[in-house]
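Residue-level structure breakdown
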Amino acid sequence: TNQPSKNATTSTLKQPASTLNNTNQSSSAGVQSLLRAGYTEDEVKVSRERLNQILKEVDPNAELSPEVEEILLQLSLRFVQSTTEFASKLAIHRGSNKLNVADLRLYVEKVLGMKIPGFSSIKALEK
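This one's a predicted model, so the numbers in the text were calculated from it and none came from an experiment. (Residues numbered from 1 in each chain as written. Predicted model: local features only at pLDDT ≥ 70, side-chain atom pairs only at ≥ 80, totals over all residues. Heavy atoms only, no water.)

1. Quick word on the overall build of the protein
Inclusion rule: Segments assigned H or I by DSSP are reported as helices when at least four residues long, segments assigned E as strands when at least two residues long, and all are numbered from the N terminus. Relative accessibility under 20% of the residue-type maximum defines a buried residue, over 50% an exposed one, and the middle range a partly exposed one, all with a 1.4 Å probe and only protein chains included. A contact between two residues is defined here by any heavy atoms of the two lying within 4.5 Å. Values of accessible area rely on a 1.4 Å probe in the Shrake-Rupley scheme; residue burial ignores everything except the protein chains shown.
In terms of regular secondary structure, the protein is built from seven helices and zero strands. Reading the protein from its N end, one meets helices and strands in the order α-α-α-α-α-α-α. For the protein, the residues scored as buried account for 24% of the 127 residues in total. Nonlocal contacts in the protein, meaning residues at least 24 apart in sequence, comprise 40% of its contacts between residues at least 6 apart. Counting only carbon and sulfur atoms, one obtains 56% of the accessible surface of the protein, whose full area is about 9,200 Å².

Structure follows, in C-alpha cells:
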C-alpha cells in the first residue's frame, strides 16, 4: 500500500501550464540549452508563451511536460531562424534589404516542401 495513487503519479508527470511560465523555470536545463544556442531570454519567453497559447487553442485542458515543451521550443525557434536566414539570402540575391512574403514562401515551399494555407503558390509568383 506504499504505491503512489494514480493521481499522484499523474501530477508528477505533468506541470500545469501556468507553472511552465514561472521565471524560476528559466534556470531549467532546457532553457539553458536554448540560451547557449544563442537565443535570448526574451525569444525563449515569447516562444514559450505563444506555444502555450496555441496549445490552449487546440485543447484548453492540455498540458505539456517540460521535455516536450523544450523540444517544441527548439523546433520552432530553429524553424524561424533557418527560414529567416534563407529568406534573407534570397532578398539579398534579388538586390533588396527587405524580406517579403515571396522570400519566405519560396523557402518554405521549395526547400521544406510545405504549403502555406492562405497564400498563393510560387508558380503564381513566377508568372
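2. Observations concerning the pattern of salt bridges
Using the following cut-off: Salt bridge, as used here: a side-chain nitrogen of Lys or Arg that lies within 4 Å of a carboxyl oxygen of Asp or Glu.
Applying the stated criterion across every chain yields a total of four salt bridges. For Glu 69, the salt bridge is made with Arg 48, and the minimal N-O distance between the two is 3.2 Å. Here Glu 69, found in helix α5 (residues 66-93), pairs with Arg 48, found in helix α4 (residues 41-58); they are 21 residues apart in sequence, far enough to count as distant. Across the pair Asp 103 and Arg 94 runs a salt bridge whose closest N-O atoms are separated by 2.6 Å.

3. Notes on the packing of α4 against α5
Using the following cut-off: Lines are fitted to the C-alpha atoms to define the axes, a helix being fitted only along its stretch in contact, and any angle between axes, read from their N-to-C directions, falls within 0 to 180 degrees. Roughly parallel means an angle under 35 degrees; roughly antiparallel, over 145; roughly perpendicular, 65 to 115; everything else is oblique. The crossing is said to be left-handed when, going from far helix to near helix, the turn is anticlockwise and less than a right angle, and right-handed when the turn is clockwise.
With their axes 10 Å apart at the nearest point, α4 and α5 run at an angle of 110 degrees to one another. Relative to α5, α4 is oriented roughly perpendicular. Viewed along their axes, α4 and α5 form a crossing whose handedness is right-handed. Judged by residue contacts, Glu 43, Val 44, Ser 47, Arg 48, Leu 51 and Asn 52 of α4 engage Glu 69, Leu 72, Leu 73 and Leu 77 from α5.

4. A word on the packing of aromatic side chains
Counted only if it meets this: Two rings belonging to Phe, Tyr or Trp (six-membered ring only in the last case) form a pair when the distance between their centres is within 6.5 Å. Interplanar angles under 30 degrees mark stacking, angles over 60 mark edge-to-face geometry, and anything in between is tilted.
Per the stated rule, a full pass over the model turns up one aromatic pair. Summarising the aromatic geometry, the rings of Phe 86 and Tyr 107 are spaced 4.7 Å apart at their centres and angled 35 degrees between planes, so their arrangement reads as tilted. Highlighted residues: Phe 86 in helix α5 and Tyr 107 in helix α6 (residues 101-111), separated in sequence by 21 residues. Overall, the relative accessible area of 33% leaves Phe 86 in the partly exposed class.

5. Things to note about α5
Note the threshold: Here a helix's expected span is defined as the number of its residues, less one, multiplied by 1.5 Å.
In this model α5 runs 40 Å from its N-terminal to its C-terminal C-alpha over 28 residues, within 8% of the 40 Å that 1.5 Å per residue would give. Inspection of α5 places Glu 69, Leu 73, Gln 74, Leu 77, Thr 83, Ala 87, Leu 90 and Ala 91 among the buried residues, and these make up the whole buried set. With its phi angle positive at about 85 degrees, Gly 95 sits one or two positions after the end of α5.

6. A closer look at α4
Test applied: By construction, the arc corresponds to the directions joining the helix axis to the C-beta atoms.
Its 18 residues place the ends of α4 26 Å apart at the C-alpha level, agreeing with the 26 Å of an ideal helix rising 1.5 Å per residue. All of the buried residues along α4 are Val 44, Ser 47, Arg 48, Leu 51, Asn 52 and Leu 55. Considered in projection along α4, the buried side chains sweep an arc of 135 degrees and stay on one side of the axis. The outward face of α4, more than 90 degrees from its buried face, is lined by the exposed residues Asp 42, Val 46 and Glu 57.

7. A short note on the layout of surface pockets
Empty space among the atoms becomes visible once a probe the size of a water molecule is rolled across them. Quick reminder of the rule: Only protein atoms enter the calculation, which uses a 1 Å grid: trapped sets of points that fit a 1.4 Å probe without letting it out are cavities, open sets showing protein on both sides within 12 Å along at least five of seven lines are pockets, and any residue with an atom within 4 Å of a point is a lining residue. Grid points are joined across faces, edges and corners, and a volume is the space filled by probe spheres set on the points. Ten residues, namely Ala, Val, Leu, Ile, Met, Phe, Trp, Tyr, Cys and Pro, are considered nonpolar, four, namely Asp, Glu, Lys and Arg, are considered charged, and the remaining ones, Gly among them, are considered polar.
Each pocket or cavity is described by its volume, and for the largest pocket that value is around 280 Å³. Every residue lining the largest pocket is listed: Tyr 39, Glu 43, Ser 47, Arg 50, Leu 51, Ile 54, Leu 72, Leu 75, Ser 76, Leu 77, Val 80 and Gln 81. Counting residues per element, the ones that place at least two in the lining of the largest pocket are α4 and α5. It is α5 that provides the largest number of residues to the lining of the largest pocket, a total of six residues. Tallied by class, the residues present in the lining of the largest pocket amount to seven nonpolar, three polar and two charged.

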